[in-house]
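# Reading the structure
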Amino acid sequence: MGSREEAKPQTTTDFCGQHVATRDAYGATLAELGAENEKIVVLDADLSGSTKTAKFAKLFPERFFNMGIAEQDMVGTAAGLSLTGKIPFASTFAVFETGRAWEQIRQTICYSHLNVKLCASHSGLTVGEDGASHQALEDIALMRVLPGMTVIVPSDGYETRQVVQAAAAFDGPVYVRLGRAKVPACLPQEYRFQIGKGYAFNIGKDVNIIAIGIMLPMALKAKEMLAADGIDAGVINMASVKPLDKELVLKAAQASKFIVTCEEHSVLSGLGSAVAEYLSETCPVLIKKIGVQDTFGCSGPADELLKLFGLTPEAIVETVKAGAAQK
Amino acid sequence: MAAAAEKTADIAQLKEQARRLRVKIVKMLAESGSGHTGGSLSAADMVTALYFYKMRHRADDPKWPERDRFILSKGHAAPVLYAALALAGYIDRSLLGNLRKIGCPLQGHPSSKQLEGVEVSTGSLGQGLSIANGIALGLRLDRTPARVYCLMGDGETQEGQIWEAAMSAGHYRLDNLCALVDLNSLQIDGRCEDVMRIDPVAAKWQAFGWHTIEIDGHDMQEIVAALDAAEAYQGKPTVILARTIKGKGVSIFEDKVEFHGVTPNKDELAIALQELGE
Ligand SMILES: Cc1ncc(C[n+]2csc(CCOP(=O)(O)OP(=O)(O)O)c2C)c(N)n1
Ligand SMILES: [Mg+2]
């Protein structure tokens, strides 16, 4: 294919230490992978500028398929491409990808266990001004319940790059949850993402905070605030929501007998539920879930929305203290 | 392409093969006591022409990369696919007696994880054409000459996703794709024209950028000619709009809405086998 010569290998950074949106790291990594692997094909549903697949589209036009505003058809077409040995990445906003096309994902991709990567941007409240219609707060729930689906929520650019590489190398359906807003870098240079593995910054004696996505840097901040009050908090990144790193979750629960989960998602059926489902059968300890409380989001600047819905380091501190009193 | 062009259709032999397919269908359904009779029989002639005339495929190498692909979008017609796979040598014929039984790979609707020869799982109507498009795009990227066939029901084309996919196939000019619509005029709740009108069918597909061929879906000569014409046609996907009779081949099932998802009882099986010349 002619593209191979034209498309110079991307000299992207690994995003370590960089303040970028996870969708930007996704777009850059996808373009990088496209140069390395001709099997990578990309589909979008008229949002390539926002999901950042446009970068791939520009470099490899013959391997990019804009499916128009037709998410169900996009997901089905991705399934078909995978049946010819391609590795399709299909992107749109999380609410449309997981909501509009849920049954296609169930019937066609998961039931046949096809090698399709669903990488959705604009998850959670940080969509901001577009409001509730565009803020997916149920996508983890919708994907997690599907047999054979892997669900990954990276928290910074550095991790996103590794997640996208791991998804491409993995044989099977993967859902990757990406965000619109720039996020602080929080994972250290030595961090290596692995499907099914969490990462403990430290294990605390008083509480362990298990967090994903934009909540991870907040959990790290909360840990420092708690330390000042003499509370020993551990912080765990659980990017691999499914499969969950059960061993690490159990270890954390045994160490502190108190777990707090943090996600930019409904508290119903997300990370917190995954942790609670597991611990209720193995090591029933107090679990407090921080997330959106069974409600829709609304329009506003992303950072103000996070405050409004109680997704802040201060809210984590408060929850830990309330839990400690209850323990 | 050469392989197909060399082939000439032995119409009499194909008709006999279609008869055998129908016999297998009614027998497996009677034995199972559950499954879809009408839509399996209406599609039997088209499926016969695909598996025993048009498609390049290898029963001893089901994943042969250059094989033509068949997607049964109307997955409830699984018995017609299972009968073809059995007669073509993909699966052990003795399996047919265990249709829909626990542990049998012949699931109520085709499952690719459980049965070799099934390209992708179907059963939820409206999804097959998008999958076929994706396969067609992938084959084209690889410059593989293989073709893709996708069989839909007429009721099924009421699904919105079919028209998303119709638009995509037209947009991408997928001339390595051939769709077939089994126009048996019936769905579950009654006649399509009463439940939800789909006419004018040909004009709709043409408007979405397709080459259309209208045939009698039980005339083997016409089916074969349409499949050849579809392969020869360049620049657009082709849809074969096949007028059929639901339950075709057994008088007591023909054009009977109640035989959509009902299987033959003992007496009905006897009549069916007699009429099918067994
Ligand atoms: C999405 C979806 N909705 C409903 C059904 C239930 N269903 C099974 S067959 C059928 C009617 C299909 O009619 P048609 O497509 O005309 O098929 P045929 O007449 O060839 O059997 C329905 C509604 C289904 N399988 N999938
Ligand atoms: Mg019908």
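Residues numbered from 1 in each chain as written. Chains lettered and ligands numbered in written order. Predicted model: local features only at pLDDT ≥ 70, side-chain atom pairs only at ≥ 80, totals over all residues. Heavy atoms only, no water.

Residues and elements named next belong to chain B. Only Asp-154 (OD), Asn-184 (OD1) and Leu-186 (O) from the protein coordinate the magnesium ion (ligand 2), and they sit 2.1 Å from it. Of note, the donors binding the magnesium ion (ligand 2) are all from one chain and are spaced D-x29-N-x1-L. In this pair, Asp-154 is assigned in the loop between strand E2 (148-153) and helix H7 (160-171) and Leu-186 in the loop between strand E3 (177-183) and helix H8 (192-195), connecting sequence segments 32 residues apart. The residues Asp-154 and Leu-186 share a single accessibility class, namely buried. (Donors = N, O, S within 2.8 Å, 3.2 Å for Na, K, Ca; no water. Helix = DSSP H or I, 4+ residues; strand = E, 2+ residues; numbered from the N terminus. Buried < 20%, exposed > 50% of the residue type's maximum accessible area, 1.4 Å probe, protein only.)

A few words now on empty space enclosed by the protein. Residue and element names in this part refer to chain A. By the definition in use, this model includes six cavities of 30 Å³ or more. There is about 120 Å³ of room inside the largest cavity. Thr-22, Gly-179, Gly-213, Ile-214 and Glu-264 are, among the 15 residues lining the largest cavity, the residues nearest its centre. For the lining of the largest cavity, a count of residues per class yields six nonpolar, six polar and three charged. Structurally, the lining of the largest cavity is a two-domain feature, drawing no fewer than three residues from each of domain 1 (15-183) and domain 2 (199-326). (1 Å grid on protein atoms, 1.4 Å probe; cavity = no way out; pocket = protein on both sides within 12 Å on 5 of 7 lines; lining within 4 Å. Points joined across faces, edges and corners; volume = space filled by probe spheres on them. Nonpolar A, V, L, I, M, F, W, Y, C, P; charged D, E, K, R; others polar. Domains from an automatic or database assignment.)

Attention now goes to the domain arrangement of chain A. Residue and element names in this part refer to chain A. Each assigned domain of chain A is listed here: domain 1 (15-183) and domain 2 (199-326). One C-alpha centre belongs to domain 1, the other to domain 2; they are set 25 Å apart. Between domain 1 and domain 2, the contact holds 29 residues from the first and 34 residues from the second. In total, domain 1 and domain 2 occlude about 2,300 Å² of area from one another, counting both sides; carbon and sulfur atoms represent 58% of this. For domain 1, the biggest contributors to the area lost against domain 2 are Leu-125, Leu-137 and Arg-144; these three give 32% of the whole. Taken together, the connections running from domain 1 to domain 2 amount to one salt bridge. Notably, a salt bridge pairs Glu-277 with Arg-144, separated by 2.8 Å at the nearest N-O pair. Of all the secondary structure elements, the ones that give two or more residues to the side of domain 1 that touches domain 2 are helix H8 (139-144) and strand E6 (150-152). Per-element tally for the side of domain 1 that touches domain 2: the top contributor is H8, with four residues. (Contact = heavy atoms within 4.5 Å. Buried area = accessible area lost by both parts, 1.4 Å probe. Salt bridge = Lys/Arg side-chain N within 4 Å of Asp/Glu carboxyl O.)

We now examine the packing of aromatic side chains. Applying the stated rule across the entire model yields 11 aromatic pairs over all chains. With a centroid separation of 6.5 Å and an interplanar angle of 35°, the aromatic rings of Tyr26(A) and Phe89(A) are classed as tilted. Placement of the pair is Tyr26(A) in helix H2 (residues 22-36) and Phe89(A) in strand E4 (residues 87-91), with a sequence separation of 63 residues. Classification of Tyr26(A) by relative accessible area gives buried; the value is 0%. Judged by centre distance (6.0 Å) and plane angle (15°), the ring pair of Phe93(A) and Phe96(A) falls under stacked. A residue is classified by how much of its surface remains accessible, and Phe96(A), at 23% relative accessible area, is partly exposed. By the ring-pair criterion, three or more aromatic residues cluster together here, those being Trp163(B), Trp205(B), Phe208(B) and Trp210(B). (Phe/Tyr/Trp six-rings, centres within 6.5 Å; stacked < 30°, edge-to-face > 60°.)

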